[in-house]
Amino acid sequence: MKRNFFVSFIVCLGLSLALPSYGATNEELEQDIKKLEKQLKKLKKKSDKRYKKLKSSIDELSSRLEINGFATASLAKADEAAGAPNGITDNGWSTQSDDIMGLQMSFMMNEKASYTIQMVSKHASDNHAVRTEWSYFAYQINNKLRFRAGRIRIPYYMLSESVEVGYSYNWVRPPTELYNLSSNNAEMMDLTYQHSFGLFNTTSRLWVGRQADIQNLGGGLEMIFTSDNIVGFTFDVNKGPYSGHFGALYVPKVSNTFSGSEEGQQVTALGGAAENLLQTARAAALDVDPMLAAFSGVIAAGEAADISYSLAGAGETTTDDIFASVDGVARITEGREIQHINSETYYVNIGGAYDNGTLQIMGEFTRFDIENTLLQGLEGGYLAAAYRVSDKWTPFITYSTTRTHNNRRERAVTNSLTEQLTAAYAAQYGALVADPTVQGIAAGMAAATSDPIWTPEYLVGATAGTIAAVTSGIFESVVSGFQIKSNTKTIGVRYDLMPGVAFKAQLDASEAEDGFVSAGGLGGPGNPDKVKVLSFAIDTVF
Amino acid sequence: MRILTKLSSILCFLTLLAVSSAQAQIVIIVHPDNPIESLSDEQASNLFLGKTKTFPNGQTAVPIDQEPGNDARTMFAEKVLKRNESQIKAYWSRLIFTGKGKPPKMVEDGEEMIGLISMNPSLIGYVEKDEVDDSVKVVYTSP
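Residues numbered from 1 in each chain as written. Chains lettered and ligands numbered in written order. Predicted model: local features only at pLDDT ≥ 70, side-chain atom pairs only at ≥ 80, totals over all residues. Heavy atoms only, no water.

## Here's the deal with the overall build of chain B
In terms of regular secondary structure, chain B is built from five helices and five strands. Shown N-terminal to C-terminal, the secondary structure of chain B runs as helices and strands in the order α-β-α-β-α-α-β-α-β-β. The buried share among the 143 residues of chain B stands at 45%. Across chain B, contacts joining residues at least 24 apart in sequence account for 71% of those joining residues at least 6 apart. (Helix = DSSP H or I, 4+ residues; strand = E, 2+ residues; numbered from the N terminus. Buried < 20%, exposed > 50% of the residue type's maximum accessible area, 1.4 Å probe, protein only. Contact = heavy atoms within 4.5 Å.)

Quick look at the structure:
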């Protein structure tokens, strides 16, 4: 007990001795702490200020700079080796056919002026290359008027401008009967006027532009085409669930420059056919001149009979043009360059849609004419319906069709030309049979093969048959090569995983009608007439 | 017997829930100084989908949206725009990537919406009916 008391006394003493000195340090410390607190407050104020400044400048920047993107990942397979779009074949699943990635940056200079750039990478047609598809300056003049200048998508059809943004529609890809143009952008200026008449909202747009593009035709062949002074107009009207669209554009002149390489020689069947014709003649040791004379005879006969026909509805094409064209194709195979100048091209497009949020019906009809060329005008359209059965599932169906103009007339012309060529050749028949060279070859062949069939008549007749067949083939491929009449039936479903992500599955059954081809390569010699394509896609926007 | 009671209470709760969610209404609001007295759902839809940029009287209109995930936004989309969130996204994606328009600016909630609308006569927005106060004017009430 005593001891305990003693210990606590010592401790107390020690503490009381120690405390005064500790107390003095404490006061100093407190002052130091107060000082430090002040400094800290100052610093905090400063950093808060800095942070606020930074935050507001970031906010300002983010409200001035908008970045948006879209992407499609796809999987597709066809039941035929040819005729399907985007390079889809029956050779395994194609993983790149409809793949696309787009990134858009839009910078607001102020409330009215902005600059937008959209870069797109398409796998199927472009080997992952990133291209600046859109790049334009926009100026909102007032609530109703807007001006833009730069690289902008040409509004050929109702959905042309948004065709790459898969998320914006139900299909994996829009009907390829219509949406198969690979070259869609122009340097243009446009003026858009938005006006509402009561509940009718209208948007009118007038634009002028210039287009220059290089298309890779495959096999070392390239086509550079330019068109200047394109003028276009679109009109859109909307009221509640109904909307309508009208578009027209006029191209005064298109010039195509083809350039090919030596490897391009095998590319054109037409060049091959012309080559065959000459080889057949040479193999038969025939003087080519009478044959060429026969050709000239036909051309002369055709011109005398005033055989000229319309390929594009309005322009007149003469037989000369056909041969000029054959000549042109032959020149491509020689690796030269040719320039083919078309005259006017017109596009007219009418579309309509009904969308009440559950039921969607959409249709579009378009027609284009090119004058004075072997390329023919096209007309086509589609009708689509979709029904949102739940928040997530939207099944849809589509029927689309396209055809070239005046098919029947052109066919009649082809037949008539072949007939006349055969007749012209027959007119030379007698002279050829009596020709000493032909008689000599026939006698030589008969002696060499010990076959009495080799008479001058047989030799000339066989050659005539070959020539008629080949010539007819040439005309067929010149004219029917461009004769399109095809349709596609589509059934599919869109599943909205979440806002911004949609999964789609689609089955297309396409066919080229009897004696016609499709733009996608159906029909014609060696090609299937029908193809079914099964496609899947995941579409995102962000 | 016990199960039945339980079931009936669950049913009762569900019915209440259904009734209460069915009763939740959306109101479209403007600044009290805005001369507009009423709007139809179609007129409102035109403004919020960027189809028109002016009030029926020709005055400039700036629509303000609420952020995705807010009940008010979901109801507004369903009752006025007649689209779900995915359809709205698809609609705007078509306009954004063709340079034809962009979606309205967004606020976090009804409170921020009312605060903003009460300060600027050009603005138009929406909140749930029970959120509304005197600082703004109601021009449309959803069924």
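Continuing now.
## Structural notes on helix α2 (residues 41–48) of chain B
All of the buried residues in α2 of chain B are Ala44, Ser45, Asn46, Leu47 and Phe48 of chain B. Immediately downstream of α2 of chain B, the backbone of Gly50 of chain B shows phi near 75 degrees, a positive value.

## Examining the pattern of salt bridges
Taken as a whole and judged by the stated rule, the model has 24 salt bridges over all chains. Residue Lys100 of chain B is joined to Glu161 of chain A by a salt bridge in which the shortest nitrogen-to-oxygen separation is 3.2 Å. Here the residue Lys100 of chain B occupies a position in the loop between α4 (85–96) and β3 (105–107), and Glu161 of chain A occupies one in the loop between β5 (145–153) and β6 (185–197), the pair thus bridging two chains. A relative accessible area of 7% places Glu161 of chain A in the buried class. (Salt bridge = Lys/Arg side-chain N within 4 Å of Asp/Glu carboxyl O.)

## What to know about the sheet that holds β3 of chain B
All names here are of chain B. Ordered by their spatial adjacency, five strands build an open sheet running β3-β2-β4-β1-β5, and the pairing between neighbours is mixed. Each of the sheet's edge strands pairs with one partner strand only, and the pair in question is β3 and β5 (137–141). Each neighbouring strand pair of the sheet contributes to a mean axis angle of 35 degrees, computed without reference to strand direction. In the sheet, strand β2 (residues 62–66) pairs with β3 via three bridges, with the strands oriented parallel. Its bridge partner being in β3, Ile64 is matched across the sheet by Lys105. Packing against the sheet, α2 makes contact with β1 (26–30), β2, β4 (123–128) and β5, and its axis sits at approximately 115 degrees to β4. Lying over the sheet, helix α3 (residues 71–81) contacts β1, β2, β3, β4 and β5, oriented at roughly 105 degrees with respect to β4. (Pairing = 2+ DSSP bridges. Axes fitted to C-alpha atoms, helices over the stretch in contact; angles between N-to-C directions.)

## Considering the interface of chain B and chain A
With 25 residues of chain B at the contact, the number on the chain A side is 39 residues. The junction of chain B with chain A conceals about 2,700 Å² of combined surface from both sides, 47% of it contributed by carbon and sulfur atoms. In this structure, the salt-bridge partner of Glu42 of chain B is Lys239 of chain A, at a minimum N-O distance of 3.3 Å. Remark: the boundary between chain B and chain A carries 18 residue pairs in polar contact (both at pLDDT 80 or more). If you list the elements that add at least two residues to the side of chain B that touches chain A, you get α2 and α4 of chain B. Looking at the side of chain B that touches chain A, its residues break down into three nonpolar, twelve polar and ten charged. (Buried area = accessible area lost by both parts, 1.4 Å probe. Polar contact = N/O pair within 3.5 Å; in protein donor to acceptor, adjacent residues only side chain to side chain. Nonpolar A, V, L, I, M, F, W, Y, C, P; charged D, E, K, R; others polar.)

## Some remarks on the nonpolar core
In this structure, Ile28, Phe76 and Ile124 of chain B are the most contacted members of the largest nonpolar core, which totals 36 residues. Core analysis: the second largest hydrophobic core is formed by 28 residues, Trp134, Tyr156, Met188 and Ile370 of chain A among them. (Core = buried A, V, L, I, M, F, W, Y, C linked by side-chain atoms within 4.5 Å.)

## Structural notes on a positive patch on the surface
Taken together, Lys34, Lys38, Lys42, Lys46 and Arg50 of chain A make up a surface patch of like positive charges. Tracing the sequence through the fold places Lys38 of chain A in helix α1 (residues 2–64). (Patch = residues over 30% accessible without salt bridge, like charges linked within 9 Å, V, L, I, M, F, W, Y side chains within 5 Å. Areas by Shrake-Rupley, 256 points an atom, 1.4 Å probe, with all protein chains shown as cover. Lys, Arg positive; Asp, Glu negative; His and termini not counted. Charge placed at Lys NZ, Arg CZ, Asp CG, Glu CD.)

## Some thoughts on the packing of α2 of chain B against α3 of chain B
All names here are of chain B. Between α2 and α3, whose axes approach to 9 Å, the crossing angle comes to 120 degrees. Taken as axis vectors, α2 and α3 run oblique relative to one another. Each of Asp41, Ala44, Ser45 and Phe48 in α2 lies in contact with α3, whose residues at this interface are Phe76, Val80 and Leu81. Partitioned by chemical class, the residues of the contact of α2 with α3 number five nonpolar, one polar and one charged. (Parallel < 35°, antiparallel > 145°, perpendicular 65-115°, else oblique.)

## Overview of the environment of Leu123 of chain B
With respect to the element layout, Leu123 of chain B can be found in strand β4. Ignoring anything within four residues of it in the chain, the contact list for Leu123 of chain B reads Ile29, Val30, His31, Phe55, Val62, Ile64, Leu116 and Ile117 of chain B.

## Let's talk about α4 of chain B
Residue and element names in this part refer to chain B. Taking 1.5 Å per residue, twelve residues should reach 16 Å; α4 reaches 16 Å between its end C-alpha atoms and fits that length. By the criterion of burial, α4 is predominantly enclosed, with nine of the twelve residues buried. By the N-cap criterion, in which a side-chain oxygen at the helix start approaches the backbone nitrogen of a residue two or three places on, α4 is capped by Asn84, the distance to Ser86 being 3.1 Å. (Expected span 1.5 Å × (residues − 1).)

## Brief notes about the pairing of β5 of chain A
All names here are of chain A. As defined by bridge partners, strand β4 (residues 130–140) adjoins β5 across six bridges and the pair is classed as antiparallel. Paired with Tyr139 across the two strands is Phe147, which belongs to β5. Hairpin connection, β4 to β5: the antiparallel pair is bridged by four residues. Direction of pairing for β5 relative to β6: antiparallel, over a ladder of nine bridges. Looking at β6, one finds that Arg151 is bridged to Glu187.

## Structural notes on the packing of aromatic side chains
Residues and elements named next belong to chain A. For the structure shown, the criterion picks out 19 aromatic pairs over all chains. Judged by centre distance (5.9 Å) and plane angle (50 degrees), the ring pair of Tyr169 and Trp171 falls under tilted. There is no split in this pair, since Tyr169 and Trp171 are both buried. Judged by centre distance (5.0 Å) and plane angle (55 degrees), the rings of Tyr242 and Tyr354 are tilted. Remark: Tyr354 occurs in strand β14 (residues 345–355) and Tyr242 occurs in strand β9 (residues 242–251); sequence separation between them is 112 residues. According to the relative accessible area criterion, Tyr354 is partly exposed, its value standing at 22%. Members of the aromatic cluster, joined through ring pairs, are Tyr156, Tyr157, Tyr169, Trp171, Tyr179, Tyr347, Phe368 and Tyr382. (Phe/Tyr/Trp six-rings, centres within 6.5 Å; stacked < 30°, edge-to-face > 60°.)

## Some remarks on unusual backbone geometry
Residues and elements named next belong to chain A. Phi angles above zero are rare outside glycine, and Asn86 is one such case at about 55 degrees. As for its position among the elements, Asn86 is in the loop between β1 (65–78) and β2 (100–108). Look at Asn86 and you get partly exposed, because its relative accessible area is 38%.

## With respect to the side chain of Ser142 of chain B
All names here are of chain B. In this structure, Ser142 sits in the segment after β5. Classification of Ser142 as buried rests on a relative accessible area of 1%. Ignoring sequence-local partners within four residues, the contact set of Ser142 consists of Gln25, Ile26 and Lys79.

## Some points on a negative patch on the surface
A cluster of acidic residues, Glu67, Glu108, Asp109, Glu111, Glu112, Asp130 and Glu131 of chain B, forms a negative patch on the protein surface. Note on placement: Glu111 of chain B falls in helix α5 (residues 110–117).

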